[in-house]
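# Results of the structural survey
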Amino acid sequence: MTFIDKHTSGFNTRAVHAGQELDPVYGAVVPPIHLSSTYAPEAIGKLRKGYDYGRGTNPTRDALQAQIAGLETGNADTGYAYTFSSGLASETALLMAACKPGDRVVVGNDVYGGTYRLLDKVLGPWQLEHHVVDMSNLDQVREALASAKARILWVETPTNPMMKIADIAALAELAKEYDTLLVVDNTFATPYLQLPLQLGADVVVHSTTKYMGGHSDTIGGAVVTENEELANAINFQQYAAGASNSPLDSYLVTRGLKTLGVRMDRHVANATAIAQWLTEHPGVEKVHYPGLEDHPGHEIAKKQMSGFGGMVSVQFKAGVEATRKVAESTHVFRLAESLGGVESLLNYPTAMTHASVEGTELAVPGNLIRLSVGIEDLDDLMGDLEQALQGL
Ligand SMILES: *Cc1c(COP(=O)(O)O)cnc(C)c1O
């Protein structure tokens with residue numbers, strides 16, 4: 001790649017150009033989507049460009065992996081990224097690559113419900129142990145790491161849906177002290193707003209379904225690390241366990257990533273205004289947004305993020321029934337699971353995304369809704385919320 005410098009070009013330049021080699025046959029500026037499942041070698045054992053079979057390697061997936069590695073490592077270009085058919089598939093591959101039966105994972109008490117379900121219901125029966133802590137309480141984390149050897153410290157920040165903030169640099173120090181891998185789920189912040197590897201994390205995981213894809217039209221995941229040995233083990237999982245993502249899905253995430261920066265700027269601006277407006281509404285009990293000055297993680301968020309993200313959670317004074325009614329009365333905000341797309345979405349975690357953690361330590365209050373604030377015009381979003389909150 002000659003037209004950009006991987007080490008000095010800015011985030012948006014790398015997002016647009018990294019991995020996007022000019023097509024050598026037609027000069028197409030956008031590389032083609034390589035759908036072929038298999039590649040003919042020049043002779044037995046003599047591959048043309050290193051490609052043989054699409055589960056293991058595919059040029060469109062390689063382009064995406066180069067693009068993600070470039071963005072998550074800042075501009076150090078020292079990372080390895082592997083993409084998968086979902087965020088959970090990427091988490092599974094990482095856990096299988098890094099852990100063996102009997103190992104222990106210390107995990108935040110407010111992680112994505114599916115991550116907890118994976119640890120508890122899928123990998124628990126395979127003897128992977130997990131221990132739940134409050135990641136915003138460093139004493140509690142230290143106690144958990146000191147009490148028994150942990151292979152992985154698994155952190156989400158900001159968390160889903162309580163928007164808690166964990167101090168990545170402080171957790172990285174603790175993880176080093178106890179010889180534990182620090183894994184950060186960077187789905188909510190994205191590399192545009194937060195670079196965990198630069199703060200000392202060992203691994204970043206993503207659901208590319210969310211902001212990275214950005215258009216609610218693809219399911220995918222990614223794992224990024226600068227640890228070569230671990231990278232090779234994850235690459236092997238991608239090939240040998242086989243949850244790699246398709247060429248079309250790879251392309252959709254690549255296309256989404258090119259506009260990540262401009263989308264995130266707009267998500268942050270809209271979310272900031274809506275969070276502020278909600279704090280002034282008489283029916284609101286509490287707004288969870290790290291950009292608010294009274295948010296308990298505000299100072300840490302300011303230190304480790306360059307913007308506070310597009311996710312806002314809100315609790316209502318009127319209780320569960322009234323909250324469910326609000327959730328069903330918006331029009332621009334669509335009631336749906338997922339987040340991070342250009343369109344605004346509203347989620348009622350207790351009965352939707354987090355139904356699987358009901359009755360556990362990760363249960364979400366019944367008077368809470370989560371907003372994925374989209375890039376529509378702010379007046380339309382505010383007007384929609386205003387009518388849905390009428391009478392509260
Ligand atoms: C959605 C999500 C996941 C899981 O990703 P899928 O693509 O749905 O498998 C993991 N972590 C976070 C924070 C998420 O929001």
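It should be emphasised that the depicted structure is a prediction, and the values quoted were computed from it without experimental measurement. (Residues numbered from 1 in each chain as written. Predicted model: local features only at pLDDT ≥ 70, side-chain atom pairs only at ≥ 80, totals over all residues. Heavy atoms only, no water.)

## Quick notes on the overall build of the chain
A count of helices and strands for the chain gives 13 helices and twelve strands. In terms of overall dimensions, the chain is globule-like: its C-alpha atoms have a radius of gyration of 21 Å, near the 21 Å expected for 392 residues. Considering only C-alpha atoms, the chain reaches an extent of 75 × 50 × 35 Å along its principal axes. Split into buried and exposed, the 392 residues of the chain put 54% on the buried side. A separation threshold of at least 6 residues defines the contact pool for the chain, and within that pool the share at least 24 residues apart is 71%. For the chain, the accessible area works out to roughly 16,700 Å², and carbon and sulfur atoms hold 53% of it. Considering the chain, the positive charge centre built from 29 side chains and the negative charge centre built from 46 side chains are found 4 Å apart. (Helix = DSSP H or I, 4+ residues; strand = E, 2+ residues; numbered from the N terminus. Rg over C-alpha atoms; globule rule 2.2 N^0.38 Å. Buried < 20%, exposed > 50% of the residue type's maximum accessible area, 1.4 Å probe, protein only. Contact = heavy atoms within 4.5 Å. Areas by Shrake-Rupley, 256 points an atom, 1.4 Å probe, with all protein chains shown as cover. Lys, Arg positive; Asp, Glu negative; His and termini not counted. Charge placed at Lys NZ, Arg CZ, Asp CG, Glu CD.)

## Describing the nonpolar core
In terms of nonpolar packing, the biggest core is built from 54 residues, with I274, L278, V312, I369 and L371 touching the most fellow members. Here this core spans two domains, and each of domain 1 (11-257) and domain 2 (261-388) adds at least three residues to it. Ignoring any residue separated from it by four or fewer positions in sequence, one finds L278 in contact with V284, V287, V312, V314, L371 and L389. One finds A93, L118, I152 and L181 within the second-largest nonpolar core, a separate group that totals 29 residues. (Core = buried A, V, L, I, M, F, W, Y, C linked by side-chain atoms within 4.5 Å. Domains from an automatic or database assignment.)

## Comments concerning the pattern of salt bridges
All told, the structure shown has eight salt bridges when counted by the stated rule. Here K46 and E42 are joined by a salt bridge, their closest N and O atoms 2.9 Å apart. (Salt bridge = Lys/Arg side-chain N within 4 Å of Asp/Glu carboxyl O.)

## As for the sheet that holds strand 5 (residues 181-185)
Consider a sheet: its strands pair through backbone hydrogen bonds, and that pairing is either parallel or antiparallel. If you walk across this open sheet you meet the seven strands as 1-7-6-5-4-2-3, and the pairing is mixed. Where the open sheet ends on each side, the last strands, each with one partner, are strand 1 (80-84) and strand 3 (129-133). The mean angle between the axes of side-by-side strands here comes to 20°, regardless of whether they run parallel or antiparallel. Bridging between strand 1 and strand 7 (residues 221-225) involves five bridges; their strand directions are antiparallel. Considered in strand 7, the bridge of Y80 is made with T225. Contacting strand 1, strand 6 (203-207) and strand 7, helix 2 (residues 59-72) runs over the sheet at an angle of about 130° to strand 1. Lying over the sheet, helix 3 (residues 87-98) contacts strand 1, strand 2 (104-108), strand 4 (152-156), strand 5, strand 6 and strand 7, oriented at roughly 155° with respect to strand 6. (Pairing = 2+ DSSP bridges. Axes fitted to C-alpha atoms, helices over the stretch in contact; angles between N-to-C directions.)

## Observations regarding the domain arrangement of the chain
When its domains are assigned, the chain resolves into domain 1 (11-257) and domain 2 (261-388). Each of domain 1 and domain 2 has a C-alpha centre, and these two points are 25 Å apart. Counting from both sides, the interface comprises 39 residues of domain 1 and, opposite them, 40 residues of domain 2. Across the domain 1 to domain 2 interface the summed buried area is about 3,100 Å²; carbon plus sulfur atoms make up 60%. Broken down residue by residue, the surface that domain 1 buries against domain 2 is led by M163, L193 and Y211, which jointly contribute 24%. Viewed at the interface, domain 2 and domain 1 are joined by one salt bridge. With a closest N to O distance of 3.1 Å, D167 and K303 form a salt bridge. On inspection of domain 1 and its partner domain 2, the count reaches 15 residue pairs in polar contact (both at pLDDT 80 or more). (Buried area = accessible area lost by both parts, 1.4 Å probe. Polar contact = N/O pair within 3.5 Å; in protein donor to acceptor, adjacent residues only side chain to side chain.)

## Thoughts on the site of the ligand
Close to the ligand lie 15 residues; G87, D185, S207, T209 and K210 are nearest. A distance of 2.9 Å separates an oxygen atom of the ligand from a polar backbone atom of G87. The separation between an oxygen atom of the ligand and a polar main-chain atom of L88 is 2.9 Å. Its free accessible area being 380 Å², the ligand has 93% of it covered by the protein chains. For the shell around the ligand, the element with the highest residue contribution is helix 3, accounting for three residues. Partitioned by chemical class, the residues of the shell around the ligand number four nonpolar, seven polar and four charged. (Near = heavy atom within 4 Å. Nonpolar A, V, L, I, M, F, W, Y, C, P; charged D, E, K, R; others polar.)

## Some remarks on the UniProt feature "modified residue: N6-(pyridoxal phosphate)lysine" (unreviewed entry) in the chain
UniProt annotation of "modified residue: N6-(pyridoxal phosphate)lysine" (unreviewed entry) refers to K210 when read in the numbering used here. Along the chain, K210 falls in the loop between strand 6 and strand 7. With relative accessibility at 11%, the residue K210 sits in the buried group. Residues within four places of K210 in sequence aside, it is in contact with T187, S338, L339 and G340. (UniProt positions renumbered as here; feature names shortened; annotations may be inferred.)

## What about the packing of helix 2 against helix 9 (residues 247-258)?
Close contact between helix 2 and helix 9 brings their axes to 8 Å; oriented N to C, the two are set at 35°. Along this stretch, helix 2 crosses helix 9, giving a crossing that reads as left-handed. Taking contact as the criterion, the partners of T60, R61, L64, Q67, I68 and L71 in helix 2 are, on helix 9, P247, S250, Y251, V253, T254, L257 and K258. When grouped by side-chain class, the residues that make up the contact of helix 2 with helix 9 number seven nonpolar, four polar and two charged. (Left-handed = near helix turned anticlockwise from the far one by under 90°.)

## Observations regarding helix 5 (residues 138-147)
Turning to helix 5, its buried residues are V141, A144 and L145. One side of helix 5 carries all its buried residues, which in axial view fall inside an arc of 95°. Turned more than 90 degrees away from the buried face of helix 5, the exposed residues are D139, E143, A146 and S147. At its buried positions, helix 5 is contacted by strand 2, strand 3, strand 4 and helix 6 (168-177). Where helix 5 begins, the capping side chain belongs to N137, and its oxygen is found 3.2 Å from the backbone nitrogen of D139. (Arc of directions from axis to C-beta.)

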